[in-house]
Amino acid sequence: MRSHEIDYEIKGHDIQLVEIELDPNETVIAEAGAMLYMKEGIEFEAKMGDGSEPDKGLFGKLLSAASRKITGESIFITHFTHRGMGKSHVAFAAPYPGTIVPLDLEQLGGSVIVQRDAFLCAALGTKISMHFNRKLGSGFFGGEGFILQKLQGDGKAFIHAGGTLIEHELNGETLRVDTGCVVGYQEGVNFDIQQSGGLKSMLFGGEGLFLATLSGRGKVWLQSMPIRKLVSQLSPGGPNASKESSGGILDSFLE
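*Asks:* Even after reading the chapter, I still don't get the pairing of strand E6 (residues 77-82), so can you show me in this structure?
*Replies:* Here is the key point about a regular strand: its side chains alternate between the two faces of the sheet. Among the six residues in E6, six count as buried, and that is most of the element. Residues Ile77, His79 and Thr81 of E6 are buried on one face, and the alternating residues Thr78, Phe80 and His82, pointing to the opposite face, are buried as well. Bridging between strand E3 (residues 27-31) and E6 involves five bridges; their strand directions are antiparallel. Bridge assignment links valine 28 to a residue of E6, and that residue is phenylalanine 80. Pairing analysis gives six bridges linking strand E5 (residues 42-47) to E6, with the strands arranged antiparallel. Of the residues in E6, the one forming a bridge with glutamate 43 is threonine 81.

*Asks:* So what exactly am I meant to see when it comes to the nonpolar core here?
*Replies:* A general tendency of soluble globular proteins is for nonpolar side chains to be buried together. Membership of the largest hydrophobic core comes to 19 residues, with the highest contact counts inside it found for Ile29, Leu103, Val112, Leu151, Ile159 and Trp221. At the level of elements, strand E8 (98-104), strand E9 (111-114), strand E10 (119-123) and strand E13 (156-162) are the ones that each hand at least two residues to this core. At three residues, the largest contribution of residues to this core is made by E13. Counting 17 residues, the second largest nonpolar core, distinct from the first, contains Leu22, Val28, Leu120 and Cys121.

*Asks:* Help me out: how do you make sense of the sheet that holds E6 in this one?
*Replies:* Strands pair in a sheet through their backbones, by hydrogen bonds, and they do so in one of two ways: parallel or antiparallel. With antiparallel pairing, the six strands of this open sheet are ordered in space as E5-E6-E3-E10-E13-E8. Looking at the sheet topology across the chains shown, the edges are occupied by E5 and E8. On average, each strand axis in the sheet is tilted by 20° relative to the strand beside it, whichever way the strands run. Sheet topology note: the E3/E10 ladder contains three bridges and is antiparallel. Of the residues in E10, the one forming a bridge with isoleucine 29 is alanine 122.

*Asks:* Before we go on, may I ask you to explain the environment of glutamate 45 in this structure?
*Replies:* Summarising the element assignment, glutamate 45 is placed in strand E5. Under the relative-accessibility criterion, glutamate 45 is labelled partly exposed at 47%. In this view, glutamate 45 contacts Ile77, Thr78 and His79; residues no more than four positions away in its chain are not counted.

*Asks:* Is there a simple way to think about the sheet that holds strand E2 (residues 17-22) in this case?
*Replies:* Across the sheet, four strands lie side by side as E1-E2-E7-E4; this open sheet has antiparallel pairing. Sheet topology places strand E1 (7-11) and strand E4 (35-38) at the edges, where each strand pairs with a single neighbour. Here the average twist between neighbouring strands, direction ignored, is 20°. Across three bridges, the pairing between E4 and strand E7 (residues 88-93) is antiparallel. Each residue of the ladder has a partner; that of tyrosine 37, found in E7, is alanine 91.

*Asks:* Please clarify how the confidence of the model for the chain should be interpreted in this entry.
*Replies:* The predicted coordinates should not be examined in detail at positions where pLDDT is low. For the chain, the mean per-residue pLDDT works out to 79, and 68% of the residues sit at or above 70. Every residue in residues 136-146 scores below 50 in pLDDT, and together they form 33 contacts with partners more than four places removed in sequence or on other chains. Low confidence marks residues 248-255, where pLDDT is under 50. Its contacts with residues over four positions away, or in another chain, come to two contacts.

*Asks:* What is the right way to look at the pattern of salt bridges in this model?
*Replies:* Two side chains carrying opposite charge are able to pair once their charged atoms lie near each other. This model, assessed by the stated rule, comprises seven salt bridges. The salt bridge involving aspartate 154 is made with arginine 2; its shortest N-O contact spans 3.1 Å. With a gap of 152 residues between them, aspartate 154 in the loop between strand E12 (147-152) and E13 and arginine 2 in the segment before E1 connect regions that are remote in the sequence. Between lysine 156 and aspartate 104 there is a salt bridge, with the nearest N and O atoms lying 3.9 Å from each other. On the criterion of sequence distance, the pair formed by lysine 156 in strand E13 and aspartate 104 in strand E8 is long-range, its members being 52 residues apart. Connected via shared salt-bridge partners are Glu21, Asp23 and Lys87.

*Asks:* Looking at this structure, how should I read the packing of aromatic side chains?
*Replies:* Centre-to-centre distance and the angle between the planes together describe a pair of aromatic rings. According to the stated counting rule, one finds four aromatic pairs in the structure shown. An angle of 75° between the planes, with centres 5.0 Å apart, marks the rings of tyrosine 8 and phenylalanine 158 as edge-to-face. In this pair, tyrosine 8 sits in strand E1 while phenylalanine 158 sits in strand E13, placing the two residues 150 residues apart along the sequence. Here tyrosine 8 falls in the partly exposed class, since its relative accessible area comes to 35%. For phenylalanine 158, a relative accessible area of 0% gives the class buried. On the numbers, 5.2 Å between centres and 75° between planes, the contact of phenylalanine 80 with phenylalanine 92 is edge-to-face. With a gap of twelve residues between them, phenylalanine 80 in strand E6 and phenylalanine 92 in strand E7 connect regions that are remote in the sequence.

Thresholds, definitions, all that
Residues numbered from 1 in each chain as written. Predicted model: local features only at pLDDT ≥ 70, side-chain atom pairs only at ≥ 80, totals over all residues. Heavy atoms only, no water. Buried < 20%, exposed > 50% of the residue type's maximum accessible area, 1.4 Å probe, protein only. Helix = DSSP H or I, 4+ residues; strand = E, 2+ residues; numbered from the N terminus. Pairing = 2+ DSSP bridges. Core = buried A, V, L, I, M, F, W, Y, C linked by side-chain atoms within 4.5 Å. Axes fitted to C-alpha atoms, helices over the stretch in contact; angles between N-to-C directions. Contact = heavy atoms within 4.5 Å. pLDDT = per-residue confidence, 0-100. Salt bridge = Lys/Arg side-chain N within 4 Å of Asp/Glu carboxyl O. Phe/Tyr/Trp six-rings, centres within 6.5 Å; stacked < 30°, edge-to-face > 60°.

Encoded structure:
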């Protein structure tokens, strides 16, 4: 089905939200729990499916729900529909500090591969499915795992990137990236991993044992602070734990 045409506005800086403007009977789908607020006339319903295939039977819906469970997401997708008159709005908040990225799937060839926790919301008609990373090394060491998400359609979709968003257009070259910092890429881009360097660099360079490599042609989206790195940096046993006090040994003695 063709996607509903929705207008939007992204608000905020460090922790952003996207406000979707809906005409009567227009619908936007979103991850469970992503809604921040909705205005008069908006009704919502949790469904087992993204609504892109309205004639799908019960077995197909159960299969879609199972695939979402495998990716670590809720088996339900919430559908928000404007049932009133005129225009109304519903807003969705980012789950942690970062950037909301609007994607026009029609301009991007109809399909984008994203990491499994990146999807936020999309116009009704967008198909959300599993995408298997068939390369063994990428699945084990690439930071995103074997199972990614594929967004297909001809409308607007919104994904979330941790920290600052970086967009690159590849034209046959190769981009090497810290593992876990890849948010998404077009299907014309090849994703793999390589060793980060020689043995000494791998052990003492601070960049880890492997780097993600993106090659081919198409757009890629990167994030400066993936959630796993953010949690690690803020945890009591993380690398920044010793930086909380400036006195070092003297502070420890005084304590």
